[in-house]
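Report on the structure
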Amino acid sequence: MYALIGILKKPADMDTATFRKWWLEEHAMGARLLPKLRQYVVYPLVQGFDPAKGQPDGAPSSDGVAFLWFDTEEDLRAAFASATGRSDIEHGVQAPIEYQLFCTDAEIVIPLEQPR
């Protein structure tokens, strides 16, 4: 599998409800139509994590994370070269949202130790 991972941050003057409405009701509805998209998972973030305290604390540094899974890099390239993909990109760049985008071809599942 090949994934596009996006970390999204809303502008300071946009409230969380407005951001989530744009992301989940507008942008995601277009992105889910990408050709050859195998899975699309979004995580709206609700809290940061303070490692010194070892617990959730404060506002998150970003507002959401999205994972878009394709079978191959070629499928991802074809999806965003399509009319649907170009429209999704245009919709995203017109919004005042900051993005960090990454790709990966690996999903490494770390086995958990069995309880004793």
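Quick summary incoming for the structure in this document. Predicted model, so just to flag it, every value in this text is computed and none were measured.

Re the sheet that holds strand 5 (residues 64-70)
A sheet is described by the order of its strands in space; here four strands give the open sequence 2-5-1-6, paired in antiparallel fashion. Looking at which strands have only one partner, the edges of the open sheet turn out to be strand 2 (39-44) and strand 6 (98-104). Taking each pair of neighbouring strands and ignoring which way they run, the sheet shows an average axis angle of 15 degrees. Pairing analysis gives seven bridges linking strand 1 (residues 2-9) to strand 6, with the strands arranged antiparallel. Counterpart to L8 in the pairing with strand 6 is Y99. Packing of helix 1 (residues 16-31) onto the sheet brings it into contact with strand 1, strand 2, strand 5 and strand 6, and relative to strand 2 it is tilted by some 175 degrees.

As for the nonpolar core
One broad trend across soluble globular proteins is that nonpolar side chains are buried collectively. Ranked by internal contacts, the top residues of the largest apolar core, which has 18 residues, are L34, L68, F70 and I97. Elements with a contribution of two residues or more to this core: strand 1, helix 1, strand 5 and helix 2 (73-81). Residue contacts for I97: discarding those within four places in its chain leaves L8, K9, K10, P11, M14, F19 and W22.

Cut-offs applied
- Residues numbered from 1 in each chain as written.
- Predicted model: local features only at pLDDT ≥ 70, side-chain atom pairs only at ≥ 80, totals over all residues.
- Heavy atoms only, no water.
- Pairing = 2+ DSSP bridges.
- Helix = DSSP H or I, 4+ residues; strand = E, 2+ residues; numbered from the N terminus.
- Axes fitted to C-alpha atoms, helices over the stretch in contact; angles between N-to-C directions.
- Contact = heavy atoms within 4.5 Å.
- Core = buried A, V, L, I, M, F, W, Y, C linked by side-chain atoms within 4.5 Å.
- Buried < 20%, exposed > 50% of the residue type's maximum accessible area, 1.4 Å probe, protein only.

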